[in-house]
Every structure is written in C-alpha cells, then in structure tokens.
Amino acid sequence: MSVLRIRRPGRLAAEAAALLIAAAVAFPLYWMVLSALKPAGEIQSTDPRPWTLSPSLDSFRRVLEQHDFGRYFLNSLVVAGTVVVASALVAFLAATAVTRFRFRFRTTLLIMFLIAQMVPVEALTIPLFFLMRDFGQLNTLGSLILPHLAFSLPFAIWMLRGFVKAVPDALEEAAYIDGASRTRFLWQILFPLVLPGLVATSVFSFISTWNDFLFAKSFLISDTSQSTLPMALLVFFKPDENDWGGIMAASTVMTVPVLVFFVLVQRRLVSGLGGAVKD
C-alpha cells in the first residue's frame, strides 16, 4: 500500500502533464477549425474568442467552389500515394540488401544515408531546380515525386534496417530447408514481418509529401493544372486583404486526409515505432 501511495502522485502528475501537452498540440488544430467555421465579422474582430455562437460553412463553400480545387486535391493524392508506395518498396529491398548481404562499402553506404538526412532541403532546392529543368520535368508531377522519393528513402532504409535485422537468420534457413526460394522468403515471410516498420515510414513520407509547399512553389512555375493543395492556399492570399476564413477552411480540408490515413494505420504505427526503438 505504501508503494502504491508513493507511485500514485507521480502517475497523476505524469497523466496531467500528458494532458497538458496534448491540449497544447491540439489547440492550433482547434483554432484552425474554429476560424474556418467563424463568419467573416468574427474572424476580423479585434477581440478574438475561442468559440462562436453562429458557425457558418461559407468558408468551406468558397473553398470547394474554387476553380480546379478538386484537381489540386487529386494531384496531391497522386504525388503522396506514389511516393509512399515507391519509397516503401525501394526501402524494403534496400534495407534487406544492406542487412542480409555482405559487400564492400556497406558501412559507408549506411553512413551516407545518415549524412543525406543532415542536408537541409532549402540548400538543395536551387540545384534540384536546374536538375529538373535539364531533365524536362518542370511543371510536372514528376518534379515533386522524384525529390520527395529521394529525401524519404534514407530515413526509411535506416529505419527498416532494424526490422529486417530483428528477423532471425534461423527463420530464413528454415524457409530454405522447406524449399522456399529467396523471392518467396522475401515477399511471403520477411515482408509481413517488417510491415509495421513500412507503415511507420509511410506515415512520415505521406505527411512530408502531402504538406510540401517549397518544391511545389519552385518546380511548378507556369502550369497551374499540376498544382497541389498547398499551392491552392495562395488563391486566398490577396494584396488588399487575406481571406482568412478560406485559408483556414482549405487548411482543414488538407488536414482531413492526413488524419484519416493516420487513423487507418495507427495500430501498426505504434508497433512499428516500438520495433524501431527495440533496435
């Protein structure tokens, strides 16, 4: 009983701290949705209030009626989906190669993956612009897919390396004894075991690609039909007065797919992050 009495205040303090942190993290999302539901008069008021007694969907209506908004949404979905699938596939194969096989410069390659994560994206934007121009990829979705794929692979490979390494060699040997080929072991045995890690890396790839503005602004110069959702926000920024209701409503619409994707994979995400910590 004495031990329980000593631990209980500490547990309560930890739970209270967790609630405070969760509230601090959720408050910007709450304010974004609230601003999207407020009428124009309350948004422009000099006395902002954390509630509204007259919610309105006018801001969402302006966003959904915006020209080509559906195309922007589809473009973002294509770019993010392609990066997630391609990075997961390539990272799985690469992590298996650097973990299961011994070859020259293997350690050097892993160190290069870490170094690639340290380079800021802003420092590479201009070189990437000239590279995309030389390859004729400007004003195309490929100019967004390729850079995000390149930036997401080092983290995904390094993280999946721990999951592949955690699979015992005895399991692979048993599969070969039972007549399984290397390809069958790779896709029918190893792939399901590292699937939580693939989900965890896919979440990070999806969020970074979905919210990208820098590459979209730099590489999509003249063809607005290839724009993504972050670029659609620029429509509501006007020289005389910004449409903050439209900005917040568009930001809310952008956030919904991320939340849906997170809810769908949250269980595997938790197990995936747990596996990464174990390594």
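Residues numbered from 1 in each chain as written. Predicted model: local features only at pLDDT ≥ 70, side-chain atom pairs only at ≥ 80, totals over all residues. Heavy atoms only, no water.

## Considerations on the packing of helix H4 (residues 69–100) against helix H9 (residues 182–193)
Moving on, step 1. Between H4 and H9, the least distance of the axes is 12 Å, while the angle of their chain directions is 95 degrees. In terms of axis orientation, H4 runs roughly perpendicular to H9. Each of Leu-89, Phe-92, Leu-93, Thr-96 and Arg-100 in H4 lies in contact with H9, whose residues at this interface are Leu-186, Trp-187, Leu-190 and Phe-191.
Moving on, step 2. Its residues assigned to classes, the contact of H4 with H9 shows seven nonpolar, one polar and one charged. (Axes fitted to C-alpha atoms, helices over the stretch in contact; angles between N-to-C directions. Helix = DSSP H or I, 4+ residues; strand = E, 2+ residues; numbered from the N terminus. Parallel < 35°, antiparallel > 145°, perpendicular 65-115°, else oblique. Contact = heavy atoms within 4.5 Å. Nonpolar A, V, L, I, M, F, W, Y, C, P; charged D, E, K, R; others polar.)

## A closer look at the UniProt feature "domain: ABC transmembrane type-1" (unreviewed entry) in the chain
Moving on, step 1. The residues that UniProt annotates with the feature "domain: ABC transmembrane type-1" (unreviewed entry) are residues 73–265.
Moving on, step 2. End C-alpha atoms of residues 73–265 are separated by 21 Å, and the span's content is 77% helix alongside 0% strand. (UniProt positions renumbered as here; feature names shortened; annotations may be inferred.)

## Considering the confidence of the model for the chain
Moving on, step 1. Mean pLDDT for the chain: 84, with 93% of residues reaching 70 or above.
Moving on, step 2. Long-range and interchain partners of residues 272–279, a stretch whose pLDDT sits below 50, account for 13 contacts in this model, where long-range means more than four residues apart. (pLDDT = per-residue confidence, 0-100.)

## Remarks on the packing of aromatic side chains
Moving on, step 1. If you walk through the whole model with that rule in mind, you get 14 aromatic pairs.
Moving on, step 2. With a centroid separation of 5.3 Å and an interplanar angle of 85 degrees, the aromatic rings of Phe-92 and Phe-191 are classed as edge-to-face. In this pair, Phe-92 is assigned in helix H4 and Phe-191 in helix H9, connecting sequence segments 99 residues apart.
Moving on, step 3. Here Phe-191 falls in the partly exposed class, since its relative accessible area comes to 27%.
Moving on, step 4. Considering the side-chain rings of Phe-129 and Phe-130, the 5.6 Å spacing of their centres and the 75 degrees angle between planes classify their relative orientation as edge-to-face.
Moving on, step 5. By relative accessible area, which is 37% here, Phe-130 ends up partly exposed. (Phe/Tyr/Trp six-rings, centres within 6.5 Å; stacked < 30°, edge-to-face > 60°. Buried < 20%, exposed > 50% of the residue type's maximum accessible area, 1.4 Å probe, protein only.)

## Let's talk about the UniProt feature "transmembrane region" (unreviewed entry) in the chain
Moving on, step 1. As annotated in UniProt, the feature "transmembrane region" (unreviewed entry) corresponds to residues 12–33, 72–97, 109–132, 144–164, 185–207 and 244–265 in the numbering used here.
Moving on, step 2. Helix makes up 92% of residues 109–132 and strand makes up 0%, while its end C-alpha atoms are separated by 25 Å.
Moving on, step 3. As annotated, residues 144–164 comprises 100% helix and 0% strand, and the C-alpha atoms at either end are separated by 29 Å.

## Here we look at the packing of helix H7 (residues 142–166) against helix H10 (residues 195–210)
Moving on, step 1. Where H7 contacts H10, the two axes come as close as 9 Å, and the packing angle between them is 160 degrees. Classified by the angle between their axes, H7 and H10 sit roughly antiparallel to one another. You can see that H7 and H10 cross each other, and the crossing is right-handed. Between H7, through His-148, Ser-152, Phe-155, Ala-156, Met-159, Leu-160 and Phe-163, and H10, the contact on the second element is made entirely by Gly-197, Leu-198, Ala-200, Thr-201, Phe-204, Ser-205, Ser-208 and Thr-209.
Moving on, step 2. Here the contact of H7 with H10 is composed, by residue class, of eight nonpolar, seven polar and no charged. (Left-handed = near helix turned anticlockwise from the far one by under 90°.)

## Quick look at the nonpolar core
Moving on, step 1. Counting 25 residues, the largest nonpolar core has Ala-91, Phe-92, Ile-157, Leu-160, Leu-190, Val-194 and Leu-198 as its most contacted members.
Moving on, step 2. Mapped onto this core, the elements with two or more residues apiece are H4, helix H5 (106–118), H7, H9 and H10.
Moving on, step 3. In terms of residue count, the dominant contributor to this core is H7 (eight residues).
Moving on, step 4. Setting aside its immediate chain neighbours within four residues, Ile-157 contacts Ala-91, Ala-94, Ala-95 and Phe-113.
Moving on, step 5. In terms of nonpolar packing, the next biggest core, distinct from the first, is built from 19 residues, Ala-36, Val-63, Ala-232 and Met-254 among them. (Core = buried A, V, L, I, M, F, W, Y, C linked by side-chain atoms within 4.5 Å.)

## Describing unusual backbone geometry
Moving on, step 1. Unlike most non-glycine residues, Asn-139 shows phi in positive territory, near 65 degrees.
Moving on, step 2. The exposure class assigned to Asn-139 is buried, which follows from its relative accessible area of 19%.

## Comments concerning the environment of Phe-69
Moving on, step 1. Within the secondary structure, Phe-69 is located in helix H4.
Moving on, step 2. The exposure class of Phe-69 is buried, given its relative accessible area of 6%.
Moving on, step 3. For Phe-69, the contacting residues outside a window of four places in its chain are Val-63, Leu-64, Leu-229, Ala-232 and Val-253.

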